[in-house]
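# A structural walkthrough
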Amino acid sequence: MKQVKPKKNLGQHFLTDLSIAKRIADTVDACPDIPILEVGPGMGVLTQYLMEKDREVKVVEIDDESVAYLYERFPRLTDNIIGDDFLRMDLSRIFDGGKFVLTGNYPYDISSQIFFKMLDNKNLIPCCTGMIQREVAQRMASAPGNKAYGILSVMTQAWYDVEYLFTVDENVFNPPPKVKSAVIRMTRNQVTDLGCDEALFKRVVKTEFGQRRKMLRVSLRQIVDADKAGAGFFTQDIMTKRPEQLSVAQFVELTNMVALNIGK
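Residues numbered from 1 in each chain as written. Predicted model: local features only at pLDDT ≥ 70, side-chain atom pairs only at ≥ 80, totals over all residues. Heavy atoms only, no water.

## Some details on unusual backbone geometry
The residue after Asn174, namely Pro175, is reached through a cis peptide bond having omega -10°. Of note in the backbone geometry, Asp33 takes a positive phi value of approximately 70° without being a glycine. As for its position among the elements, Asp33 is in the loop between helix 1 (18–26) and strand 2 (36–39). (Helix = DSSP H or I, 4+ residues; strand = E, 2+ residues; numbered from the N terminus.)

Have a look at this one:
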């Protein structure tokens, strides 16, 4: 069977260590009894272990050569191989509107986009696991007060509990990436309503981290008109903080404060 050549333009780095592949596959066990969707299976090193789970597995792969390889290697999976761009897919149609676990050895260059799509479909995805660039994993799991804490940290932790599971060295890939990788798991928390306008929450978080070295009051002037804001809005204690100092709950509080002062 002809091997698939990793393609740089697709950010392909094929995992070659089977023990690590099995460890990644086992991360989905934290969310049992629902189907699994694997993103970017490549030559199926992770797929083979996911198929050992007693549940339905589907894979989505954008690379035509990899799709052809998967058809040949996994004939039992034929009806569940989707040749498509994950970022453009309607995820509500994958399992007929049912929930599923999202997993994969994610391409580094689009991993953040994958997780933002996960957030847009959070009611379908109670659990997401997989391998990404270590720096991104650290960012997602970071607590307030750390340099790694940012937009992805806040947006993800608003809806998911994030676990940094383990680090993976460069030498277990073909070709080896220039950075270390990490395996993470995100499990939906109990939040069903943020307690604020969700669209405004996203806007506030992105605006603040767009100028992360500045105090909140400086960046917020892009959203709240100083001439129309309520008396004392920009002089409250929280306004002297910087975005990386705020917890998710404090961002919710800030969003509600902003909502009361827009259009005054």
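The discussion continues.
## Examining the packing of aromatic side chains
Across all of its chains, the model carries 5 aromatic pairs by this definition. The interplanar angle of 40° and the centroid separation of 5.5 Å between the aromatic rings of Phe95 and Phe100 together place this pair among those described as tilted. Of the residues examined, Phe100 reaches a relative accessible area of 0% and is grouped as buried. Here the aromatic rings of Phe233 and Phe234 are separated by 4.8 Å at their centres, their planes lie at 80°, and the arrangement is edge-to-face. One exposure class covers both Phe233 and Phe234, and it is buried. Aromatic rings pair up to connect Tyr149, Phe209 and Phe251 into one cluster. The lysine or arginine in question, Lys122, covers the ring of Trp159, its NZ or CZ lying 4.4 Å from the ring centre. In this arrangement the basic side chain of Arg188 is found over the ring face of Tyr160, its NZ or CZ atom lying 5.8 Å from the centre. (Phe/Tyr/Trp six-rings, centres within 6.5 Å; stacked < 30°, edge-to-face > 60°. Buried < 20%, exposed > 50% of the residue type's maximum accessible area, 1.4 Å probe, protein only. Lys NZ or Arg CZ within 6 Å of the ring centre and 35° of its normal.)

Note that all results are geometric; they support no functional claim without further evidence.
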